[in-house]
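Observations on the model geometry
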Amino acid sequence: MKFATIALFVGIGLFAFGTFWQAVAPWLSLKNIPMESMEKIAEKIPPEFYMLAGDYPDEFKKYFGKPDKTSFIEALKTGKEVYIAEACWHCHSQFVRPVANEEMRYGKVSYPSEYQNAMQLPQLLGTRRVGPDLIRESGVHSNDWHMAHFKNPPEVTPGSVMPKYTWFYDKNGRPNKKGLSVVTYMQWLGSWAKEPMYKLSMK
Amino acid sequence: MTEGKSSIVNYSLVKFHIGFSMLYLLIVMLGGLLYSLQFIGLYPFAGIEFLSPGRIRMLHTNGAVYGFIINGFMAGLYWAVPRLTGYRVWNEKYIGWFLAIALQSAVLATAGGLLLGFAQAIEWGETPIFIDPAIVAWLIVTLPQFTVPIYKYAKEKPLYAANWYITAGLIWVIMVYIMGNYIPQFFVPGVAGAAITGTWIHDAVGLYVTPIGWGLMYYFVPVLLKKPIWSHSLSLLGFWGLAFFYPLQGVHHYLWSPIPMYAQYAAVLSTVVLELAVVTVIVNFLMTLRGNSEAMRTNIPIRWMFVGTINYAITCLQCAFHVLLTTQKVIHFTDWVVGHAHLIMYGTFGFWIMGFFAYLWPKVRKADVYSRALDEWAFWLVTIGTATMWVDLISAGLVQGFNWWGLSPFIDSVNFSVPFWAARTITGVMITVGVILYAYNMYMTGRKAPMPVLEAKAQTSGGAA
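Nothing here was measured: the structure is a model prediction, and the numbers come from that model.

Taken as a whole and assessed by the stated rule, the structure comprises 55 aromatic pairs over all chains. Summarising the aromatic geometry, the rings of phenylalanine 17 of chain A and phenylalanine 244 of chain B are spaced 5.9 Å apart at their centres and angled 25° between planes, so their arrangement reads as stacked. Linking phenylalanine 17 of chain A in helix H1 (residues 2-30) with phenylalanine 244 of chain B in helix H7 (residues 232-245), this pair reaches from one chain into another. Overall, phenylalanine 17 of chain A belongs to the partly exposed group, its relative accessible area being 35%. Look at phenylalanine 73 of chain B and tyrosine 208 of chain B: their rings are 6.1 Å apart centre to centre, the planes differ by 65°, and that puts the pair in the edge-to-face class.

What follows is the structure, encoded as structure tokens:
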């Protein structure tokens, strides 16, 4: 029995050792980067959010009221919930690697501090790209493009295999709360690291 | 391991878990097939919120693990642990049936939750957050169910490797599940959260599915071949190799990400070295087969198990190759990884479980197999389907990876993948048809069984050996 007890502790100890290197140590390395709250995030509202209020005034007013900090936080949170519920993250990653020309395709290589905020609980880095990466998506496409795209992706991008999300729209084909929120989320992703237009035009 | 020990096995629980495992396997196969239709523009339920392809995808992966594999392992454990130890499991009448029904409730609640949009954004842990505590409780209760007889036996004699694996797997999975499903969700954000998520993804496979799968194989292979395992020292080497190297690999799911590089280097190195531990196990199984290779032709369960083992060797060599940071530049994010995942989760552990069932089902139903021809058809359809799917998807992965690197428009990589995805759907049809034949054969075998109701009563009431 004595051997078995030792073996038990060794087994748990090895698990602890592995977990330390793979999970605890990265956390210790990164925990001093200040954590941004939702309020802090909402201090930098991307212009696309105000444009959204102008593009769909009736719908925006109905679901969110005025485009301000409070409505931005709500739209962002709802957008992320939709993104998770529809498993968008299973086909779209959210980090740019420093290899394979990704910097030229998507933009700035991802860095740890941009993920240290309340929107990254849980993180959505993703492990598969059926569609393109989204961490530099802000401003790449217009709000209208997104609205048309979510409704019927192949119509906007011929050959796309992305599903239709018809439940983001009401009976008249106007966006509902889900539609407005998910576009807000798309236009927020990477808004903190936007690049000049000449670079975007290369994509 | 003689027939005299059969009275300490609860046949009803084994039957129950096998039945549900097969039911979920059929649903998972159909779900995967349905999802694959989206990629070739033939998805039949477009525009229906609750059958959106993304949600079906989560149903496919979570059903495979929580429905098919866990039920399959429970059936195997309820058979193997009493026979390995000579003691009945901890408590059949209350705990056994409680666990059995609780597991099915959790699986069905998960399926409902995913389709209704309550998924959690943790890969392989998409079970809605409100179901996670139930699963943790389930895992904690499962531990004594099987470790009590192992503990009793350990006081008398040294333990066989199968018991080591089973005990370790049941202990590790509790810690792993709590870590993976709570910490990134509530406490650790962003990049560090990704490191923990990666550790969970990998440990779920490496510290639960792998040790339990290996443990059951260490029981079933010698029993079916009627000879001892080739090397006991090798089995212990494999065990400690797994224990040391497997928990060190989580971050290899996020290579070239902003996670600190020391964690990535550790993950890559330990993944390559782990192949040594895997090779000990594969060599051990194959050397046990030496001299009895005729069994591959005549014995269907042995054939499932050893083709699974060969698939295992292929996947693990593939893994040691594609985990290198250089290879990752091309194949990360592509269908290569999807092909790899299918060969390990279904081609290996799925094949092993189907081998266990092919052996156990006629035994617990006390009936001969209904049709040998159906078994052959099922085996060859599934085997050719799985192997072709693997080749097809890793090829698609190379096409996608080099397309992205070459900076051609993103939609090119989609257009070029469509033929591969069409081939994937065809292989999926082959596998699904094979599994349907396999399940039909089991159903007909069960129908031939003599008076199943009385049989079950005799098993639960009169337990004395």
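This brings us to the domain arrangement of chain B. Residues and elements named next belong to chain B. On domain assignment, one finds that chain B holds domain 1 (8-157) and domain 2 (291-447). Computed over C-alpha atoms, the centres of domain 1 and domain 2 are 20 Å apart. Domain 1 puts 25 residues into the contact, and the matching count from domain 2 is 29 residues. Buried area between domain 1 and domain 2, summed over both chains or domains, comes out near 2,400 Å², and the portion from carbon and sulfur atoms is 86%. Inspection of the region where domain 1 meets domain 2 yields zero salt bridges. In this structure, the connection of domain 1 to domain 2 is made through one residue pair in polar contact (both at pLDDT 80 or more). Looking at the side of domain 1 that touches domain 2, the elements that each hand over two or more residues are helix H1 (11-38) and helix H2 (53-85). Among the elements that take part in the side of domain 1 that touches domain 2, H1 stands out by supplying 13 residues, more than any other.

On to H1 of chain A. The first and last C-alpha atoms of H1 of chain A sit 40 Å apart over 29 residues, in line with the 42 Å expected at 1.5 Å per residue. Residues of H1 of chain A that are buried: Ala7, Gly11, Leu14, Phe15, Gly18, Thr19, Gln22, Ala23, Ala25, Pro26 and Leu30 of chain A. Looking at the buried side of H1 of chain A, the elements it contacts are helix H5 (161-187), helix H6 (190-225), H7 and helix H8 (261-289) of chain B.

Judged by nonpolar contacts, the single largest core of 189 residues is most densely connected at Trp79, Trp200, Phe220 and Tyr346 of chain B. The two domains that each donate at least three residues to this core are domain 1 (8-157) and domain 2 (291-447) of chain B. With seven residues, the next largest nonpolar core counts Val99 and Ala100 of chain A together with Leu255 and Val268 of chain B among its residues.

The final tally for this structure, using the stated rule, is 16 salt bridges over all chains. A salt bridge links glutamate 48 of chain A to lysine 194 of chain A, with the nearest nitrogen and oxygen atoms 3.2 Å apart. In this pair, glutamate 48 of chain A sits in helix H3 (residues 47-55) while lysine 194 of chain A sits in the loop between helix H9 (177-188) and helix H10 (197-200), placing the two residues 146 residues apart along the sequence. A relative accessible area of 38% places lysine 194 of chain A in the partly exposed class. Across the salt bridge formed by glutamate 49 of chain B and lysine 178 of chain A, the nearest N and O atoms sit 3.0 Å from each other. Of the two residues, glutamate 49 of chain B is situated in the loop between H1 and H2 and lysine 178 of chain A in helix H9; the pairing between them involves two chains. The class for lysine 178 of chain A is partly exposed, based on a relative accessible area of 28%. Salt bridges here are not isolated pairs; linked through shared partners, they connect Glu86 and Lys178 of chain A together with Glu49 and Arg55 of chain B.

The rules behind each value
- Residues numbered from 1 in each chain as written.
- Chains lettered and ligands numbered in written order.
- Predicted model: local features only at pLDDT ≥ 70, side-chain atom pairs only at ≥ 80, totals over all residues.
- Heavy atoms only, no water.
- Phe/Tyr/Trp six-rings, centres within 6.5 Å; stacked < 30°, edge-to-face > 60°.
- Helix = DSSP H or I, 4+ residues; strand = E, 2+ residues; numbered from the N terminus.
- Buried < 20%, exposed > 50% of the residue type's maximum accessible area, 1.4 Å probe, protein only.
- Domains from an automatic or database assignment.
- Contact = heavy atoms within 4.5 Å.
- Buried area = accessible area lost by both parts, 1.4 Å probe.
- Salt bridge = Lys/Arg side-chain N within 4 Å of Asp/Glu carboxyl O.
- Polar contact = N/O pair within 3.5 Å; in protein donor to acceptor, adjacent residues only side chain to side chain.
- Expected span 1.5 Å × (residues − 1).
- Core = buried A, V, L, I, M, F, W, Y, C linked by side-chain atoms within 4.5 Å.

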